[in-house]
Amino acid sequence: MANEQHTRSASVRPRVEPRRSASSGDPRDVLARLTRGPDRAGRVTHTEHLPPRNGRHAQWPDRIRPEVIDAVQHAGIDRPWEHQARAAAHALDGESVIIATGTASGKSLSYLVPVLSTLLDGSEAPNGRGATSLYLAPTKALAADQRRAVTDLAAPLGTAVRAAVFDGDTPVEEREWVRLYANYVLTNPDMLHRGLLPGHSRWSSFLRALRYVVIDECHTYRGVFGSHVAQVLRRLRRLCARYGSEPVFLLASATSAAPGEGAALLTGVRPVEITEDTSPRGETVFALWEPPLTELEGERGAPVRRTATAEAAELLTDLATQGVRTVAFVRSRRGAELISLIAQDRLAAVPAPRRPGTAEDAPTGADGAGGAGAAEVAATVPDEVGAAVPDGDGAAVPDGDGAAGSGPGGDGAAGSGPGGVVSAGGRRGGLSSRIAAYRGGYLPEERRALERALHTGELLGLAATNALELGIDISGLDAVLITGYPGTRASLWQQAGRAGRAGQGALAIMIARDEPLDTYLVHHPDSVFRTPVESTVLDPHNPYVLAPHLCAAAAEIPLTEADFDLFGPETAQLLSKLEQRKLLRRRSSGWHWTRKERAADLTDIRGSGGKPVQVVEAGTGRLLGTVDAGAAHTTVHEGAVHLHQGRTYVVRQLDLEDRAALVEEASPPWTTMARDTTSLAVLETEAEVPWGEARLCFGSVEVTNQVVSYLRRRLITGEVLGETKLDLPPRTLRTRAVWWTVTEDQLDAARIDPEILAGSLHAAEHAAIGMLPLFATCDRWDIGGVSIALHPDTLLPTVFVYDGQPGGAGFAERAFHTARAWLTATRDAIAACECEAGCPSCIQSPKCGNANDPLHKRGAIRLLTELLRSAT
């Protein structure tokens, strides 16, 4: 990690300095203004100062075409950084390479230069396309941004480089030209899986000449999604071999642990690692921010903190009044829209500068003389506005936000679907016109307009999902707000790195949500600043992932035994099962696909669990958006409150057969929260480790979940107004789990009597789920848990934590291998919380199907202490 390469100066509290006339973009001054006053200063738990770094230049390899070097110099880049030159040299040598350096370190140029040089060589072939390159991005927005970048860079090369996007938005009349003439094709894994590979015969000339496959932002390919992409890439390699090519893989990644191992799992090819970042960087001031406690009470009378969503909206407001260009990252689409709307409301009375970006016309600031300050404007909007919405609904969005899919009990995509940009233009005056939201689901031209407005300074503030995290060029930002821990350290640093892209100073603030992991991190800064980033977790050999890709591969070219090494050790056994299910038929030439349907349609590589449920306005038939199939039971059940682009709807009917939720616009003074019941059966114990009398296990389980009711909770206070029963079918999931058992003697030693046993186990389960993302690249919504005082399979008190995807996603396995550190951090997080009997910051869960009852905080601490006493 770039921040790990330098000495730092750290302070427990920020320095409060007298106001100076320094630039509004100076990060120390900006933070000092934000924390002025005893109430604000107390919210910062730690400030880290990352010093500036000088860059180290090198020369491009001699084999790079001089025309390409001239084009790069024409773009204003005289010499490359050392890591760029090294990456280019390996690529020209035919070696696959992964570049895992910091944000804004020039990773794109590292692969573009050798690619353009090779394409220029290929343009001199008789057919004008002697070499081709394929670029893969996790989102459409990033692919479109990169097409513009390569087109601009290659402009001096004339028609030798013909870049084109091939995705679901590409007009039909353009697709034939792309297949026949483009030599740099930009697409996404979804289109590769459903379009290019099944239609490989029409792409034969492109595949025959394929020299490079660029995989951008490869750290996003994790869990089930990453496992699917790994098999898609193996299918690509198989087809390339059929056409006589063996492409080199060039991967770009945020900094991660063991990037070469992760890349090898993803592609099946071991690359060279380039991890030393030799680019320059300005000073970064990184603050950890904990919202204050409110006077409200949550479930069981627990203290409640102000939501991270409301806190981010207030900070975005204050930064806008200072003229500080800011992006506020938020986990959900709905949260992005809420932050934008709240900030717009608060800024409506603040006059906008006459000339965007000029210092003399910048707003005065929240506490400046002359004009309304943000604090005064904020008084018109209750602090608890954001409390109506959970801080993370993490929905999977093909070609949009690219977030991890909702796990068991997740909120789903409450605000999904295409639609207009949430902006103040035409609705509000003043400074609010320079605040907007950015998320997946917008039309391409709307996204482009927002990116341009932010780049030019027309926009001062943007509330964005991680659709904006992934490499899109938004240089010139002064500050980044991170609304809740984004799930991995890699994503944390990726988001923080979006500010200060031209080498200027930058401010980053991570705002803690009211849950165990966020609370732990803001009070344990070493876990953020002095702990290596995670390695990527994926399992390409998961049979639930592999089976449909074997069918897709057989439909492309019949499978033979020669393919077993490519697809992994499970292949032979799975082919036999696919034969029994009459999906494949074995003939002398190999295994063939037998159905009329497209084999590629057997699976959704985003792992959303089936076709999405359409959200339809009942009165007009208008499609508002979609919700992942796996999240539909919890988010669009009958009676659910559904938020879409600032409007509130109530679900009148959920038709599971037709996959449609009919909604009507309404404004009820409550939000809804689904309740479910879960049972779990152990199918196979694959590994077991004794911890004294306790046992730590890993294996296969079957989870049965049923949504049984929902709660109506008052918008502002969270007060429960009532519970309504639901009649939804149970759903069964076969997956992988980690679990631990304790004996009666251990319970006695921990002073856990029968009255508090269930609550102690339940509290430990909740906290363990909340802390696992610190050790595995997952989100708490990717995993689930069950605790029971006497489990029928173990015959002992048992706590289970399981992957929320069929066949598992690798998270439970990582938990098994890091169990001692994971459960130690879990115990410490509970013990460090200041509450008396449990709260959302330690043992309460936002997705608990049992209304967070029973829970016993002190019992959980004693239980985990006793469990860890003999841990190995």
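So, a few notes on the structure that sits alongside this text. Keep in mind that what you see is a predicted model, and the values were worked out from it rather than measured. (Residues numbered from 1 in each chain as written. Predicted model: local features only at pLDDT ≥ 70, side-chain atom pairs only at ≥ 80, totals over all residues. Heavy atoms only, no water.)

1. Observations regarding the overall build of the protein chain
Phase 1: Within the protein chain one finds 27 helices and 30 strands.
Phase 2: For the protein chain, the proportion of its 872 residues judged to be buried stands at 62%.
Phase 3: Relative to all contacts within the protein chain whose residues are 6 or more apart in sequence, the contacts with residues 24 or more apart total 75%.
Phase 4: A total of about 32000 Å² of accessible surface is found on the protein chain, and carbon and sulfur atoms cover 49% of it. (Helix = DSSP H or I, 4+ residues; strand = E, 2+ residues; numbered from the N terminus. Buried < 20%, exposed > 50% of the residue type's maximum accessible area, 1.4 Å probe, protein only. Contact = heavy atoms within 4.5 Å. Areas by Shrake-Rupley, 256 points an atom, 1.4 Å probe, with all protein chains shown as cover.)

2. Description of unusual backbone geometry
Phase 1: Residue Pro854 follows Asp853 across a cis peptide bond; omega there is 0°.
Phase 2: Structurally, Pro854 can be placed in the loop between helix H26 (819-832) and helix H27 (857-868).

3. Quick look at helix H12 (residues 308-321)
Phase 1: With 14 residues, H12 extends 20 Å from end C-alpha to end C-alpha; this agrees with the ideal 20 Å at 1.5 Å per step.
Phase 2: Looking one or two residues beyond H12, the residue adopting positive phi is Gly323, at roughly 75°. (Expected span 1.5 Å × (residues − 1).)

4. Observations concerning the packing of aromatic side chains
Phase 1: Scanning the entire structure with this criterion turns up 12 aromatic pairs.
Phase 2: With centroids separated by 5.5 Å and ring planes inclined at 40°, the aromatic side chains of Trp739 and Phe800 adopt a geometry described as tilted. One end of the pair, Trp739, is in strand S28 (residues 731-741); the other, Phe800, is in strand S30 (residues 798-803), and 61 residues separate them in sequence. As far as the burial class goes, Trp739 and Phe800 line up, both buried.
Phase 3: An aromatic cluster of at least three residues, connected via ring pairs, comprises Tyr111, Tyr135 and Tyr184. (Phe/Tyr/Trp six-rings, centres within 6.5 Å; stacked < 30°, edge-to-face > 60°.)

5. A few points about the packing of helix H5 (residues 107-122) against helix H6 (residues 140-153)
Phase 1: For the pair H5 and H6, the least separation of the axes is 12 Å and the interaxial angle reads 55°. The angle between H5 and H6 places the two elements in the oblique class. Handedness of the crossing formed by H5 with H6: right-handed. On H6, the residues touching Ser108, Leu109, Tyr111, Leu112 and Leu116 of H5 are Gln146, Val150 and Leu153.
Phase 2: Along the lines of polarity and charge, the residues of the contact of H5 with H6 split into 6 nonpolar, 2 polar and no charged. (Axes fitted to C-alpha atoms, helices over the stretch in contact; angles between N-to-C directions. Parallel < 35°, antiparallel > 145°, perpendicular 65-115°, else oblique. Left-handed = near helix turned anticlockwise from the far one by under 90°. Nonpolar A, V, L, I, M, F, W, Y, C, P; charged D, E, K, R; others polar.)

6. Details of the sheet that holds strand S3 (residues 97-100)
Phase 1: In space, the 7 strands of this open sheet follow the order S5-S6-S4-S7-S8-S3-S9, with parallel pairing throughout. Since the sheet does not close on itself, it has two edges, and those belong to strand S5 (163-165) and strand S9 (272-274), each with one partner. Each neighbouring strand pair of the sheet contributes to a mean axis angle of 15°, computed without reference to strand direction.
Phase 2: Where S3 lies against S9, 3 bridges are found, and the strand directions are parallel. Bridged to Val97 within S9 is Val272.
Phase 3: Each of S3, strand S7 (210-215), strand S8 (248-253) and S9 touches helix H4 (residues 82-92); the most contacted strand, S9, lies at about 165° to it.
Phase 4: Along the sheet, helix H10 (residues 223-242) makes contact with strand S4 (132-136), S7 and S8, crossing S7 at roughly 175°. (Pairing = 2+ DSSP bridges.)

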